[in-house]
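# Structural features, examined
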Amino acid sequence: MTDRNRIRPCHGWRGLFCCLLVTLLTTKLAACPFCPGASVPLTEKLSHAHTACLVRWQEAETGTLEKPGHTVYKVLQVVKQSQGTQYRQGSLITVNRYHSGKPGAPFLLTGTHGPNPLWENPTVITPASYSYVMRAPSVQHPTTERLRYFLQFLEHKDTIIANDAFSEFANAPFEDIVPLTPELPREKLHHWLNSKSTPAPRLGLYGLMLGLCGNEDDIDFMEEKISVQAQGLRSGIGGLMSGYLMLTGSEGLEHLELTKFEQKNTTPNELFAAREAVSFMWTYGRGRFRIPPERLRQSMRMLLDRPELADLVIADLARWQDWSVMNRLVSLYDAKDYEYKAIRKAIIRYLLVASRYSDPSNGGPDAVTAARARKYLEQIRKRDPQLVKRTQQFY
């Protein structure tokens, strides 16, 4: 089975994703796009909870078909509680679900909905992590100010603390991380990216951070890692590519094209990561990191040569209002290796965007471009009326 065939089944959800991208002509990423596995931070759990207690596991009973299980906890400290609840140190809390544990093991128990809390699954806690979260700034504080506190706990020896600090950054908008650039631990980031003990989901975030605070001494290091022709999935490599582009600008983009886009043996996973990096720079890097918009469009257009990414690339080009590829996209509608419904839908969506005349001074299609797009749409509608109709319904 070829790489192209392996990733084709993903086109269902990717098609929906493309639709969302096309309808959003401007994008603000709500969180790190290169941080898989980020969980809900402890401070957010506490903020949403009406009642929260530090407890110890007492006993539990598994359930049966006739009788639900339950777990009993003993309250060590009441963090917060809603009006009407009267928990205090030594109180017993019975949760009508079975949760495994050892006698005396500490947990953070959170619940919502007033005097009779609807308890969530307990969170494993340690004395150090409990102290850490109790000292943390609340979610009402400005995000950058909060991140300044969590920065010191990245890769902490307590796993709970390290995971939670990562989640705080992974869930934060990139624009709120940027002001911390002078405080980012450059040497530690370099070490974490090079260490086999660093959990893979964190590498993308650390790559972005090194791109913000790194210098010329880091470029060769990042370039070496990026240039590897990997066969498997490399978690976080898109973040490292983005960080590299932050440091190198258009010169780095040329290197990325040479080592990834133009190499026939580059895997779809690596190409997807490189495309993410170019898209990230479109959202955050234009001007700031010395890559002009047209240069980014030029780079994205190169990926039209790869059918396995074509639907995503077409969505990007529509979102970036690149009307120069319209004729080529129409020619790809029946081209070999492009005859997939997801690609054809992406082409139709592109034409739908291009067919709507707007202010050309802001990058929108001019009257001639819009007319040409409508002409192409009518040609496709005559041969694929149902596909055009369904695509328009979800557009």
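Further up the page is the structure itself.
Each chain has its residues counted from 1, running along the sequence as written. Given that this is a predicted model, residues contribute local features only at a pLDDT of at least 70 and side-chain atom pairs are listed and counted only at 80 or more, while totals for whole chains, interfaces and linings are drawn from all residues. Side-chain measures were taken over the full set of non-hydrogen atoms in the model, leaving aside hydrogen atoms and water.

## Considering the state of the cysteines
Our working definition of a disulfide is a cysteine sulfur pair at a distance within 2.5 Å. Following the criterion strictly, the structure yields one disulfide and no others. Bridging Cys 32 to Cys 35, the disulfide has an S-S length of 2.2 Å. Taking the sign of the S-S torsion, 75° for the link of Cys 32 and Cys 35, the bridge is right-handed. One exposure class covers both Cys 32 and Cys 35, and it is buried. Throughout, exposure labels follow a simple rule: accessible area from a 1.4 Å probe, protein chains only, divided by the maximum for the residue type, with under 20% read as buried, over 50% as exposed, and the rest as partly exposed.

## Section: the packing of aromatic side chains
Working definition: rings of Phe, Tyr and Trp (its six-membered ring) pair if their centres are within 6.5 Å, and the pair is stacked with planes under 30 degrees apart, edge-to-face with planes over 60 apart, and tilted otherwise. Counted under the stated rule, the structure contains 14 aromatic pairs. With a centroid separation of 5.9 Å and an interplanar angle of 70°, the aromatic rings of Tyr 132 and Phe 150 are classed as edge-to-face. Taken together, the residues span a long stretch of sequence, with Tyr 132 in helix H4 (residues 127-135) and Phe 150 in helix H5 (residues 143-151) at a distance of 18 residues. Judged on exposure class, the residue Tyr 132 and its partner Phe 150 are both buried. Judged by centre distance (4.9 Å) and plane angle (55°), the rings of Phe 174 and Tyr 284 are tilted. Helix numbering and strand numbering both begin at the N terminus, where a helix is a DSSP run of H or I of at least 4 residues and a strand a DSSP run of E of at least 2.

## Section: helix H8 (residues 186-194)
Here H8 has its buried residues at Leu 189, Trp 192 and Leu 193. Viewed along the axis of H8, the buried residues span an arc of 95°, placing them on a single side of the element. With respect to the buried face of H8, the exposed residues turned more than 90 degrees away are Glu 187, Lys 188 and His 191. Directions are taken from the helix axis to each C-beta atom, and the arc is the one they span.

## Some details on helix H6 (residues 159-170)
A rise of 1.5 Å per residue sets the reference length of H6, with its 12 residues, at 16 Å; its end C-alpha atoms lie 16 Å apart and thus fit the reference within 8%. Most of H6 sits inside the fold, with nine of its 12 residues counted as buried. Burial in H6 covers these residues: Ile 161, Ala 162, Asp 164, Ala 165, Phe 166, Ser 167, Glu 168, Phe 169 and Ala 170. Among the structural elements, helix H3 (42-48), H4, H5, helix H7 (174-177) and helix H9 (203-213) are those in contact with the buried residues of H6. One less than the number of residues in a helix, times 1.5 Å, gives the span that helix is expected to have. Any two residues whose heavy atoms approach within 4.5 Å at even a single point are treated as in contact.

## Some words on the environment of Glu 187
One can find Glu 187 in helix H8. Take Glu 187: its relative accessible area is 64%, and that puts it in the exposed class.

## Remarks on the pairing of strand S2 (residues 70-80)
The pairing of strand S1 (residues 51-61) with S2 spans nine bridges and is classified as antiparallel. Of the residues in S2, the one forming a bridge with Cys 53 is Val 78. Taken together, the four bridges between S2 and strand S3 (residues 92-95) define a ladder with antiparallel strand orientation. Bridge assignment links Thr 71 to a residue of S3, and that residue is Val 95. A pair of strands is treated as paired once DSSP finds two or more bridges between them.

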